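Overview (structure and organization)
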Amino acid sequence: MTYNYSICHPDKETIEYKTLPISDREVLEIAENYPWIEKMELYDSLNASETFYNPSLDFKCINNGRRFCLTAQYDDNKNLTFSLWYSRPKKVKIFFGLLGEKEKMRVDDVWSIDKNDSLKFLEYFVNGNYPAIESLYNA
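On a predicted model such as this, the values are computed, not experimentally measured, just so you know.

1. Looking at the pattern of salt bridges
- In this structure the tally under the stated criterion is seven salt bridges.
- Here Arg25 ties to Glu29 by a salt bridge, and the two come within 2.8 Å at their closest N and O atoms. Of this pair, Arg25 and Glu29 both sit in helix α1 (residues 24–33), four residues apart, which is roughly one turn of the helix.
- For Asp58, the salt bridge goes to Arg67, with nearest N and O atoms at 2.9 Å.
- Exposure remark for Arg67: the relative accessible area of 27% places this residue in the partly exposed category.
- Three or more residues are tied together by salt bridges with common partners; here these are Arg88, Asp108 and Glu134.

2. Considering the packing of aromatic side chains
- Enumeration over the complete set of coordinates arrives at eleven aromatic pairs.
- On the numbers, 6.5 Å between centres and 85 degrees between planes, the contact of Tyr86 with Phe125 is edge-to-face. Of this pair, Tyr86 sits in strand β5 (residues 80–93) while Phe125 sits in helix α3 (residues 115–126); the two residues are 39 residues apart in sequence, bridging distant segments of the chain. With respect to burial, Tyr86 and Phe125 carry one shared label: buried.

3. With respect to the environment of Glu123
- Its location among the elements puts Glu123 in helix α3.
- When the C-alpha positions of Glu123 and Leu28 are compared, they lie 6.8 Å apart, and in sequence the two are 95 residues distant.

4. A look at the side chain of Glu134
- Here Glu134 shows up in helix α4 (residues 130–138).
- Here Arg88 takes part through its side chain, which lies 2.6 Å from a polar atom of the side chain of Glu134.

Here is what the cut-offs are and how they apply
- Residues numbered from 1 in each chain as written.
- Predicted model: local features only at pLDDT ≥ 70, side-chain atom pairs only at ≥ 80, totals over all residues.
- Heavy atoms only, no water.
- Salt bridge = Lys/Arg side-chain N within 4 Å of Asp/Glu carboxyl O.
- Helix = DSSP H or I, 4+ residues; strand = E, 2+ residues; numbered from the N terminus.
- Buried < 20%, exposed > 50% of the residue type's maximum accessible area, 1.4 Å probe, protein only.
- Phe/Tyr/Trp six-rings, centres within 6.5 Å; stacked < 30°, edge-to-face > 60°.
- Polar contact = N/O pair within 3.5 Å; in protein donor to acceptor, adjacent residues only side chain to side chain.

Shown next, in the form of structure tokens:
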């Protein structure tokens, strides 16, 4: 599988798109080595009018269109946590199920996940272990 990704910077209105394909190993390295704390410190130092995004990395699988995004924030005790956003095909009922089902891309999110667990779920994503990711949203 190959991936591309985008970066949301706290101080930039424009999202940075990295379109060059990368490997699953590179996805994990980018997320692990991203300067999350420094970006959150920048976020905290900006006035509200200068702030555009929480620091985020959004990875897209080029082969199947699934996406996995990590967005950093602080919890009430100023510990770094993440919200995880997962976009994948999901069957939805058309007209209350009267017209059957159709597959559409859906996004689910979960909040307040620590960095180690966030990286573990990203690893599930790049390894194609989608049921493990689904367990986050079915709990």
